[in-house]
Amino acid sequence: LETNYAEAVSWYRKSADQGNVLAEHWLGHCFLSGSGVAKDEAQAFAWFQKAAEKGNVSAQMDMGRAYTQGTGVERDGAEAIKWYRKAADAGFPSAQNELAWALATSPDAGLRDGPLAVTYGEKAVTATRRTNASYLDTLAAAQAEAGDFSKAVAIQKEAMARLREQREREDYAA
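An account of the accompanying structure is given in this report. All figures in this text were calculated on a predicted structure; none of them were measured in a lab.

1. A few points about the overall build of the protein chain
Thought 1: Scanning the protein chain from N- to C-terminus turns up 10 helices and zero strands.
Thought 2: Secondary structure of the protein chain in N-to-C order comes out as α-α-α-α-α-α-α-α-α-α.
Thought 3: In terms of overall dimensions, the protein chain has C-alpha extents of about 55 × 40 × 25 Å along its principal axes.
Thought 4: A burial count over the protein chain gives 38% of its 174 residues as buried.
Thought 5: For the protein chain, long-range pairs separated by at least 24 residues make up 43% of all intrachain contacts whose partners lie at least 6 apart in sequence.
Thought 6: With an accessible surface of roughly 9,500 Å², the protein chain has 49% of that area assigned to carbon and sulfur atoms.

Written as structure tokens, this is what we have:
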């Protein structure tokens, strides 16, 4: 079976025009990657926003990323946190991790919240049974932002122990 992204976009658009939230979300990805359409980050953002406002958790994550990275929209840490929190509160570990990272490491000190970062970081780490080194790394940053440096160091060592490659261990140790 041959992949035809332009035809897929045509069907997604027909479905999205009828309010289908999944089609809206996937159209966003088509515009983001330039699959079947010309790459257009502003259009990607617009489609993600439609889906996110209807409660699509994956689109809410995409909104958080867009605001974090300035993809199709001006960077805005507060908006990124708002969208990550919507997805995190739906129980998605990846959203909980992204929210914890944003709350622990935001360049805007007014957006940082160590205790809340720890709360969401713990949720992500618990959901993955402490097996995800990246989530443990986020939790360590959250603990540091909350002022518990001994816990931060212990968790960072735990994260490093989960890594297989020496290069990754050196990165996490930095």
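2. Considerations on the packing of helix H5 (residues 77-89) against helix H6 (residues 93-105)
Thought 1: At a minimum axis distance of 8 Å, the contact between H5 and H6 shows a crossing angle of 145 degrees. Crossing of H5 over H6 shows left-handed handedness. Contacts between H5 and H6 pair Ile81, Tyr84, Arg85, Ala87 and Ala88 from the former with Ala95, Gln96, Glu98, Leu99, Ala102 and Leu103 from the latter.
Thought 2: Taken together, the residues that form the contact of H5 with H6 break down as eight nonpolar, one polar and two charged.

3. Quick notes on the packing of helix H1 (residues 5-17) against helix H2 (residues 21-33)
Thought 1: At a minimum axis separation of 8 Å, H1 and H2 run at an interaxial angle of 140 degrees. Taken as axis vectors, H1 and H2 run oblique relative to one another. Seen from above, H1 lies across H2 with left-handed handedness. On H2, the residues touching Val9, Tyr12, Arg13, Ser15 and Ala16 of H1 are Ala23, Glu24, Trp26, Leu27, Cys30 and Phe31.
Thought 2: A breakdown of the residues in the contact of H1 with H2 according to their chemical character gives eight nonpolar, one polar and two charged.

4. Quick notes on the environment of tyrosine 135
Thought 1: Structurally, tyrosine 135 can be placed in helix H8 (residues 133-145).
Thought 2: Residue classification places tyrosine 135 among the buried residues on the basis of a relative accessible area of 13%.
Thought 3: Spatially, the C-alpha atom of tyrosine 135 lies 36 Å from that of serine 15, the residues being 120 residues apart in sequence.
Thought 4: Apart from the residues lying within four places of it in its own chain, the contact partners of tyrosine 135 are Pro93, Ser94, Asn97, Ala124, Val125 and Thr128.
Thought 5: At a separation of 3.4 Å, a polar atom in the side chain of tyrosine 135 contacts the main-chain amide nitrogen of serine 94.

5. Some thoughts on the packing of aromatic side chains
Thought 1: Applying the stated criterion across every chain, the model contains one aromatic pair.
Thought 2: Measuring from ring centre to ring centre gives 5.4 Å for phenylalanine 45 and tyrosine 67, while their planes differ by 90 degrees; the resulting arrangement is edge-to-face. With phenylalanine 45 in helix H3 (residues 41-53) and tyrosine 67 in helix H4 (residues 57-69), this residue pair connects regions lying 22 residues apart in the sequence.
Thought 3: Just above the ring of tyrosine 120 sits the side chain of lysine 123; from NZ or CZ to the centre is 4.8 Å.

6. As for the side chain of serine 35
Thought 1: Checked against the element boundaries, serine 35 lands in the loop between H2 and H3.
Thought 2: If near-sequence neighbours (up to four positions away) are discounted, serine 35 is found in contact with Tyr5, Val9 and Cys30.

7. Observations concerning the pattern of salt bridges
Thought 1: Within the structure shown, the criterion is met by seven salt bridges.
Thought 2: Between lysine 82 and glutamate 79 there is a salt bridge whose closest N-O contact spans 3.2 Å. Note that lysine 82 and glutamate 79 are positioned in helix H5 at a spacing of three residues, about one turn of the helix.
Thought 3: Looking at glutamate 79, the relative accessible area reads 24%, which means it is partly exposed.
Thought 4: Measuring nitrogen to oxygen at the nearest pair gives 3.4 Å for the salt bridge that ties glutamate 145 to arginine 112. With glutamate 145 in helix H8 and arginine 112 in the loop between H6 and helix H7 (114-127), this pair connects stretches of sequence that are 33 residues apart.
Thought 5: Look at arginine 112 and you get partly exposed, because its relative accessible area is 30%.
Thought 6: Through salt bridges with shared partners, a single ionic network connects Glu122, Arg130 and Glu158.

The rules behind these values
- Residues numbered from 1 in each chain as written.
- Predicted model: local features only at pLDDT ≥ 70, side-chain atom pairs only at ≥ 80, totals over all residues.
- Heavy atoms only, no water.
- Helix = DSSP H or I, 4+ residues; strand = E, 2+ residues; numbered from the N terminus.
- Buried < 20%, exposed > 50% of the residue type's maximum accessible area, 1.4 Å probe, protein only.
- Contact = heavy atoms within 4.5 Å.
- Areas by Shrake-Rupley, 256 points an atom, 1.4 Å probe, with all protein chains shown as cover.
- Axes fitted to C-alpha atoms, helices over the stretch in contact; angles between N-to-C directions.
- Left-handed = near helix turned anticlockwise from the far one by under 90°.
- Nonpolar A, V, L, I, M, F, W, Y, C, P; charged D, E, K, R; others polar.
- Parallel < 35°, antiparallel > 145°, perpendicular 65-115°, else oblique.
- Polar contact = N/O pair within 3.5 Å; in protein donor to acceptor, adjacent residues only side chain to side chain.
- Phe/Tyr/Trp six-rings, centres within 6.5 Å; stacked < 30°, edge-to-face > 60°.
- Lys NZ or Arg CZ within 6 Å of the ring centre and 35° of its normal.
- Salt bridge = Lys/Arg side-chain N within 4 Å of Asp/Glu carboxyl O.

The values reported here are purely geometric and, on their own, carry no functional implication.
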